[in-house]
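Coordinate analysis (summary)
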Amino acid sequence: MTSLTGKVAVITGGNSGIGLATAKLFAAEGARVVITGRRQQVVDAAVAEIGAAAIGIRGDVADVGHHRQVAEIVRERFGGADIYVANAGVNSIAPSQQVSEAEYDAQFAINTRGTFFGVQAIAPLLRDNGAIILVGSLASDKVLDGHAVYAGTKAAIQAFARSWALEFRDRGIRVNMLSPGPTETAILEKLGIAPEDREGFVGKMASAIPLGRLGRPEELARAALFLASDAGSFVTGINLRVDGGMALI
Ligand SMILES: NC(=O)c1ccc[n+]([C@@H]2O[C@H](COP(=O)([O-])OP(=O)(O)OC[C@H]3O[C@@H](n4cnc5c(N)ncnc54)[C@H](OP(=O)(O)O)[C@@H]3O)[C@@H](O)[C@H]2O)c1
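This report concerns the structure included in the present document. (Residues numbered from 1 in each chain as written. Predicted model: local features only at pLDDT ≥ 70, side-chain atom pairs only at ≥ 80, totals over all residues. Heavy atoms only, no water.)

Comments concerning unusual backbone geometry
A positive phi angle is found at Asn-129, which is not glycine, with a value near 65°. Looking at where Asn-129 falls in the secondary structure, it is placed in strand β5 (residues 126-135). (Helix = DSSP H or I, 4+ residues; strand = E, 2+ residues; numbered from the N terminus.)

Rendered as structure tokens:
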């Protein structure tokens, strides 16, 4: 029997990178998956890639109404859910003196507010002994140049995870944080680094990682499966860093 047979998993930002790899693995492990993202075509392509076990919902996690719509669709289609992965997120690197109000607000609206109200909307539908996974970042533990705002958005999520691990304990719902280190996804193209500088930037990051390379989305997906499945049945309130050891140096 696969580890997620009969389970329903909702994965925000499941149309790309870590979210898509997680959705594919969860489906392979027997779950039905609901993915979200803002780009309809990318959502549709991801659903096709995942297969019959998936449905896609277009929307913006910064919009509380979107979360209510997701919850309504999950209620109608599946009667509830077992796993919620708050994965959707953005990052733009800039020294603090150059951060505009708009950039600051956008990162907090998506990464932090989006996570909070996503969990608030789905929580009444989560079945007992379910699992909530919040995708954070190594950046909330290790200072990275130009990441002050991003780190702040993810540090707030860490506090949410610890609070919710206690708030949801009576229903046996486990809440954990999954903190990737630098991982080979499309986010590396959205950091505001000039294309000609990107290779150098990635090379510099890889040299700062004890395992000598960036992570792969599949490696984060396997960690998410551990937290979502019975394999992690006695794990709640932790911050699982999957970063090739980068936080050590
Ligand atoms: N890759 C890394 O090095 C790394 C390191 C640490 C943490 N992380 C975290 O890992 C998570 C996944 O990122 P990734 O690396 O897989 O990057 P990615 O490939 O860019 O995926 C991000 C996903 O989030 C979705 N998204 C972004 N803003 C959204 C919004 N407002 N509403 C709905 N969906 C939204 C994107 O879809 P649309 O654009 O279609 O909306 C996309 O599917 C993020 O939370 C990120 O902060 C990544």
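Details of the pairing of β5
Buried residues dominate β5, accounting for seven of its ten residues. Sheet topology note: the strand β4 (residues 81-86)/β5 ladder contains five bridges and is parallel. Note that in β5 the partner of Ala-86 across the bridge is Leu-134. In the classification by handedness, the crossover that spans β4, the intervening helix α4 (residues 101-122) and the parallel β5 is right-handed. (Buried < 20%, exposed > 50% of the residue type's maximum accessible area, 1.4 Å probe, protein only. Pairing = 2+ DSSP bridges. Right-handed = clockwise from strand over helix to strand, strands pointing away.)

Some details on the site of the ligand
Around the ligand, a shell composed of 29 residues is seen, among which Asn-15, Ser-16, Arg-38, Thr-185 and Lys-190 lie nearest. A distance of 2.6 Å separates an oxygen atom of the ligand from a polar side-chain atom of Arg-38. Interatomic distance of 2.7 Å between a side-chain N/O atom of Arg-39 and an oxygen atom of the ligand. Surface burial for the ligand is 97%, taken as the share of its 870 Å² of free accessible area covered by protein chains. With respect to the detected pockets, the ligand is housed in the largest pocket. Secondary-structure elements contributing two or more residues to the shell around the ligand are α1 (17-28) and α5 (148-167). (Near = heavy atom within 4 Å. Polar contact = N/O pair within 3.5 Å; in protein donor to acceptor, adjacent residues only side chain to side chain. Areas by Shrake-Rupley, 256 points an atom, 1.4 Å probe, with all protein chains shown as cover. 1 Å grid on protein atoms, 1.4 Å probe; cavity = no way out; pocket = protein on both sides within 12 Å on 5 of 7 lines; lining within 4 Å. Sits in = over half its atoms within 2 Å of the grid points.)

Concerning the layout of surface pockets
Of the voids in this model, the largest pocket is the one considered here, and its volume is about 1000 Å³. Every residue lining the largest pocket is counted, 47 residues in all, and those nearest its centre are Asn-91, Tyr-150, Ile-187, Leu-188 and Leu-191. Its residues assigned to classes, the lining of the largest pocket comprises 22 nonpolar, 17 polar and eight charged. If you add up the space inside the second largest pocket, you get close to 230 Å³. A total of three residues in the lining of the second largest pocket trace back to one element, the largest contributor, which is β5. Of the residues contributing to the lining of the second largest pocket, the split by class is five nonpolar, eight polar and four charged. (Points joined across faces, edges and corners; volume = space filled by probe spheres on them. Nonpolar A, V, L, I, M, F, W, Y, C, P; charged D, E, K, R; others polar.)

Looking at the packing of aromatic side chains
In this structure the tally under the stated criterion is five aromatic pairs. Ring pairs connect the aromatic residues Phe-116, Phe-117, Phe-160 and Trp-164, which therefore count as one cluster. (Phe/Tyr/Trp six-rings, centres within 6.5 Å; stacked < 30°, edge-to-face > 60°.)

Remarks on the pattern of salt bridges
If you walk through the whole model with that rule in mind, you get eight salt bridges. A salt bridge links Arg-75 to Glu-72; the nearest nitrogen and oxygen atoms lie 3.4 Å apart. You can see Arg-75 and its partner Glu-72 sitting in helix α3 (residues 64-78), three residues apart, about one turn around the helix. We classify Arg-75 as partly exposed; its relative accessible area is 45%. Across the pair Arg-213 and Glu-219 runs a salt bridge whose closest N-O atoms are separated by 2.7 Å. Among the ionic contacts, a cluster of salt bridges with common partners joins Asp-141, Arg-241 and Asp-243. (Salt bridge = Lys/Arg side-chain N within 4 Å of Asp/Glu carboxyl O.)

Examining the packing of α1 against helix α7 (residues 217-228)
Between α1 and α7, the least distance of the axes is 8 Å, while the angle of their chain directions is 55°. Between α1 and α7, the interaxial angle falls into the category oblique. Considering how the two elements wind past one another, α1 and α7 form a crossing that is right-handed. Mapping the contact onto sequence places Gly-17, Ile-18, Ala-21, Thr-22, Leu-25 and Phe-26 in α1 and Pro-217, Glu-218, Leu-220, Ala-221, Arg-222, Ala-224, Leu-225 and Ala-228 in α7. (Axes fitted to C-alpha atoms, helices over the stretch in contact; angles between N-to-C directions. Parallel < 35°, antiparallel > 145°, perpendicular 65-115°, else oblique. Left-handed = near helix turned anticlockwise from the far one by under 90°. Contact = heavy atoms within 4.5 Å.)

It is worth stressing that arrangement in space is one thing and function is another; only the former is reported here.
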